[in-house]
Amino acid sequence: MKHFISLKYFSPKQIYQFLHLTKAIKAKPSLYNSSLKNRHVGLLFEKSSLRTKTAFYLGMLELGGGAIYYTPQEVELGKREKISDVSQTLSRFLDAVVLRTFSHDTILEFVNFASIPVINGLSDLLHPSQVLADLFTMSEVKGEIKKLKVCYVGDGNNVCHSLMYAFSILGGSLYVVNPKKYAPKNKIVAEAKKIRASGAKIRLSSSVDEAVKGADVLYTDVWTSMGKEAESRQRKKIFRSFQINDKMIKLARKDCIVMHCLPAHRGEEITDSVIAGKNSVVFLQAENRLHAAKAILVSLLRGR
Ligand code: CP
Ligand code: NVA
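These lines cover the structure that appears in this document, whether it is placed above or below. Positions within a chain are numbered from 1, following the residues in the order the chain's sequence is written. Here every chain gets a letter starting at A, and every ligand a number starting at 1, in the order they are written. Local features in a predicted model are, by the rule used here, given only for residues with pLDDT of at least 70; side-chain atom pairs are given and counted only at 80 or more, and totals for whole chains, interfaces and linings are based on all residues. Each side-chain value is worked out from all heavy atoms of the structure, with water and hydrogens disregarded.

## Quick notes on the sheet that holds strand β5 (residues 149-153)
Strand order in this open sheet of five strands is β7-β6-β5-β8-β9, and the pairing throughout is parallel. Looking along the sheet, the strands with just one partner apiece sit at the ends: β7 (201-205) and β9 (257-260). The mean inter-strand angle of the sheet, taken between neighbouring strand axes irrespective of direction, is 20°. The contact definition used throughout considers only heavy atoms, calling two residues in contact when any of these lie within 4.5 Å. Note on geometry: axes are C-alpha line fits, over the in-contact stretch for helices, and angles between N-to-C directions span 0 to 180 degrees. Note on conventions: DSSP H or I runs of at least 4 residues are helices, E runs of at least 2 residues are strands, and numbering of each starts at the N terminus. Contacting β5, β6 (173-177), β7 and β8 (217-220), helix α7 (residues 158-170) runs over the sheet at an angle of about 155° to β6. Any two strands with at least two DSSP bridges between them are considered paired.

Next up, the structure:
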């Protein structure tokens, strides 16, 4: 395991290993407080972040190592300096890099020139460290992932794509419901179908009622992701009937959990009352980013 770029490169066994390690680290963090002593990770982000930055930065400190955060302005990947030069330079200083980029190709190019592990901390295409933590939250609260009906309501974006890979690999049931114009990318749909493990059910639809009915997990994300702000007005109109609100929750199982990777645009894809309601696990989900980030760091760096 050299990098953490996309869940599609992992086997079910490897994903479960990450989840077991996340559980162990969460249960007894002190057992891991010198696991990455004298190791240093760089956080190179082209976009804003609260959770991902905190999870990897604090995670690294709590594992006994160090972290450096670069603001989007100070490095200007590919502008001030070629991506390949940044990658080769940081490989000489650091033990790993967490990248958050607009284009997924930026991450792939960085990886090509890196001699240290690279972690995808979100690109326009994928958000695998988020989804790993989400799988952990689902199993922590609801039990066996494969037995759950999970329904993602909203934009067919980076989070949705990583969920599709995860459920395809693990053999779970994922219903994705969105306006046709904002369906997941065909390439990801095709790949998710190709890697489909036995029992995996990936259903795409634009009928909310059918997808949400009887769901154990309702998951949503912003209608307007970072970088798409110019489309916000149009998106608000098109997505209007895809809001997770009290009425929609009634269609799901009574004991369903509501998840959101955050940040939330309250009043758009999700209401205040749902976030504050008894089904919501969004802040537990946010906390679990830390434990899962530590599991990723330990898995990639231990023994290197
Ligand atoms: N969920 C998530 O990645 O949050 P940030 O954008 O704040 O890191
Ligand atoms: N889809 C969102 C996720 C933020 C964590 C975005 O890319 O902005």
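## Some thoughts on the pattern of salt bridges
Any carboxyl oxygen of Asp or Glu that lies within 4 Å of a side-chain nitrogen of Lys or Arg is treated as forming a salt bridge with it. For the coordinates displayed, the defined rule picks out 15 salt bridges. The shortest N-O distance in the salt bridge between Asp124 and Lys47 comes to 2.5 Å. A residue pair is termed long-range when its members are at least 10 positions apart, and Asp124 in the loop between β4 (118-120) and α6 (128-142) and Lys47 in the loop between β1 (40-45) and α2 (51-62) qualify at 77 residues. Partly exposed describes any residue whose relative accessible area lies between the buried limit of under 20% and the exposed limit of over 50%, with all areas from a 1.4 Å probe on protein chains only and scaled to the type maximum. On the basis of relative accessible area, Asp124 is assigned to the partly exposed category, the value being 36%. Here Lys47 falls in the buried class, since its relative accessible area comes to 4%. In this structure, the salt-bridge partner of Lys294 is Glu62, at a minimum N-O distance of 2.7 Å. Of this pair, Lys294 sits in helix α13 (residues 282-301) while Glu62 sits in helix α2, placing them 232 residues apart in sequence.

## Notes on the site of ligand 1
The nearness test applies per residue and asks whether one of its heavy atoms lies within 4 Å of the molecule or strand. Taken together, Ser49, Leu50, Arg51, Thr52, Arg100, His127, Gln130, Cys261, Leu262 and Arg289 make up the full set of residues adjacent to ligand 1. The term polar contact refers here to a pair of N or O atoms within 3.5 Å; inside protein, the definition further demands a hydrogen-donor-capable atom paired with an acceptor-capable atom, and it admits residues adjacent in sequence only when both atoms are side-chain atoms. Separating an oxygen atom of ligand 1 from a side-chain N or O atom of Thr52 is a distance of 2.8 Å. One of the side-chain nitrogen or oxygen atoms of Arg100 is found 2.8 Å away from an oxygen atom of ligand 1. The nonpolar class holds Ala, Val, Leu, Ile, Met, Phe, Trp, Tyr, Cys and Pro. Asp, Glu, Lys and Arg form the charged class, and all remaining residues, Gly among them, are polar. Of the residues in the shell around ligand 1, the class split is three nonpolar, four polar and three charged.

## Thoughts on the pairing of β7
Working note: regular strand, side chains alternate between the two faces of the sheet. The pairing of β6 with β7 spans five bridges and is classified as parallel. Looking across to β7, one finds that Ser173 is bridged to Lys201. We call a crossover right-handed when, viewed with the strands running away from us, the connection from the first strand over the helix to the second turns clockwise. Crossover handedness for the path β6 to helix α8 (residues 186-194) to β7: right-handed.

## Regarding the nonpolar core
Nine residue types can take part in a nonpolar core, namely buried Ala, Val, Leu, Ile, Met, Phe, Trp, Tyr and Cys, and a core is a set of them joined through side-chain atoms within 4.5 Å. Counting 60 residues, the largest nonpolar core has Phe4, Leu135, Met138, Leu163, Phe167 and Leu174 as its most contacted members. For this core, the leading source of residues is α7, giving nine residues. Core analysis: the next-biggest nonpolar cluster, separate from the first, contains 24 residues, Trp223, Ile270, Val274 and Val282 among them.

## A short note on the site of ligand 2
Near ligand 2 you find Leu122, His127, Asn157, Asn158, Asp221, Val222, Ser225, Met226 and Leu262, and these make up its full shell. Between ligand 2 and the protein, one listed contact pairs a nitrogen atom with a side-chain N or O atom of Asp221 at 2.6 Å. Here Met226 contributes a backbone N or O atom positioned 2.8 Å from an oxygen atom of ligand 2. What sets the accessible areas is the Shrake-Rupley method with a 1.4 Å probe; for residues, cover comes only from the shown protein chains. Relative to its unbound accessible surface of 270 Å², ligand 2 loses 96% to contact with the protein.

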